[in-house]
Amino acid sequence: MTQSYRLPTGGRIDRAAPVRFTFDGAELTGFAGDTVASALVANGVRLVGRSFKYHRPRGLLAAGPEEPNALVELDRGGGRYEPNARATMVALTPGLDVRSQNAWPRLHLDLGAATSIATPMLPAGFYYKTFLGPKGAWERLYEPAIRRMAGLGRPPRLPDPDRYAARYAHCDVLVVGAGPAGLAAALAAADRGARVILCDEQAEPGGALLAMPGETIDGRPAWDWLAQALSDLRGYGERVRLLPRTPAFGYFAQNLVGLAEHLPPGSPARERLWRVRAGRVVLATGAIERPLLFTGNDRPGVMLAHAARRSASQWAAL
């Protein structure tokens with residue numbers, strides 16, 4: 001399949017570095033800088049999953065960690081298997097094998113969708129009163145069948161060959177989120193002599209700026225302002241640490257924050273756990289768009305406005 005939905009110009013992808021991957025066995029191509037989700041969009045893939053209960057068709061809705069539909073299995077070979085990964089948060093890498101979940105025998109022909117015929121007889125909570133008998137049928141029949149239809153990925157079957165690292169760190173200011181507000185906070189703190197750690201869940205800092213090539217900040221194009229801000233932060237040397245692909249997952253007593261750094265392939269470890277003790281913590285985590293409810297709002301092809309804008313501006317995918 002060609003990248004029929006890729007814009008001829010624009011985006012923050014590297015068109016000189018094509019990346020081959022597979023989705024449910026079909027060979028596809030993206031570019032360095034893509035996520036799995038943006039590469040699927042560029043290749044015209046609209047159906048990415050099935051709903052949990054009635055196995056209705058689902059497409060990409062968001063472009064970040066709030067994505068509810070594109071939960072996929074990742075297989076990097078050699079036992080490096082991960083279920084339930086959000087395609088919007090996975091950087092595209094060469095040879096990545098991506099598979100859909102919650103569909104049998106395949107995504108486009110899911111026999112589980114037949115349950116929609118019995119929708120009037122399957123209200124919420126029906127499981128707990130319906131499957132009580134005959135004796136022993138729950139363990140041998142009902143539970144195995146329900147689990148096979150559930151929208152959870154398969155567990156790994158091979159030992160995980162990777163290593164996982166952990167590290168403690170101290171700083172004067174920890175900034176969570178590298179959008180315009182987080183970058184400005186990190187610059188202000190570093191300019192006053194503080195030791196700064198700036199983390200962001202995305203592979204590239206910038207946040208909402210990455211989807212705003214035509215906007216201006218302080219009279220300059222947003223992408224030029226972003227490039228200058230990152231250059232200035234790197235100019236402070238070891239006093240400022242930038243951690244992309246590192247979401248903060250816990251804020252504990254006395255400004256102890258847990259970070260999970262996802263390291264690129266080829267690194268000595270697959271992930272690194274950071275325990276950061278900060279003098280001050282700045283939460284610049286931005287916002288997510290609230291979806292509206294309307295007939296057909298859950299069908300493939302319906303996306304949040306910000307997700308569509310990011311797809312076209314950041315990844316040049318329509």
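Quick note: structure is the one above.
Calculation notes
- Residues numbered from 1 in each chain as written.
- Predicted model: local features only at pLDDT ≥ 70, side-chain atom pairs only at ≥ 80, totals over all residues.
- Heavy atoms only, no water.
- Pairing = 2+ DSSP bridges.
- Helix = DSSP H or I, 4+ residues; strand = E, 2+ residues; numbered from the N terminus.
- Axes fitted to C-alpha atoms, helices over the stretch in contact; angles between N-to-C directions.
- Buried < 20%, exposed > 50% of the residue type's maximum accessible area, 1.4 Å probe, protein only.
- Contact = heavy atoms within 4.5 Å.

1. Considerations on the sheet that holds strand 1 (residues 14-23)
Phase 1 of the analysis: Read from one edge of the open sheet, five strands run 2-1-7-5-6, paired in mixed fashion. If you trace the sheet from one side to the other, it starts and ends with strand 2 (26-32) and strand 6 (81-86), each paired once. If you compare each strand with its neighbour and ignore which way they point, the axes differ by 35° on average.
Phase 2 of the analysis: Bridge analysis of strand 5 (residues 71-75) against strand 6 gives four bridges, and the strand direction is antiparallel. What sits directly across from D75, in strand 6, is Y81.

2. Observations regarding the pairing of strand 11 (residues 196-199)
Phase 1 of the analysis: On strand 11, burial covers both faces: V196 and L198 on one face and I197 and C199 on the other are all buried.
Phase 2 of the analysis: Here four bridges tie strand 11 to strand 14 (residues 240-243), and the two strands are oriented parallel to one another. Residue pairing in the sheet places I197 in a bridge with R241 of strand 14.

3. Quick notes on the side chain of T93
Phase 1 of the analysis: On the secondary structure map, T93 appears in the loop between strand 6 and strand 7 (97-100).
Phase 2 of the analysis: When near neighbours in sequence (up to four residues on either side) are disregarded, T93 contacts V19, R20, R76 and P265.

From the geometry alone we can't say anything about function, so treat these as descriptive.
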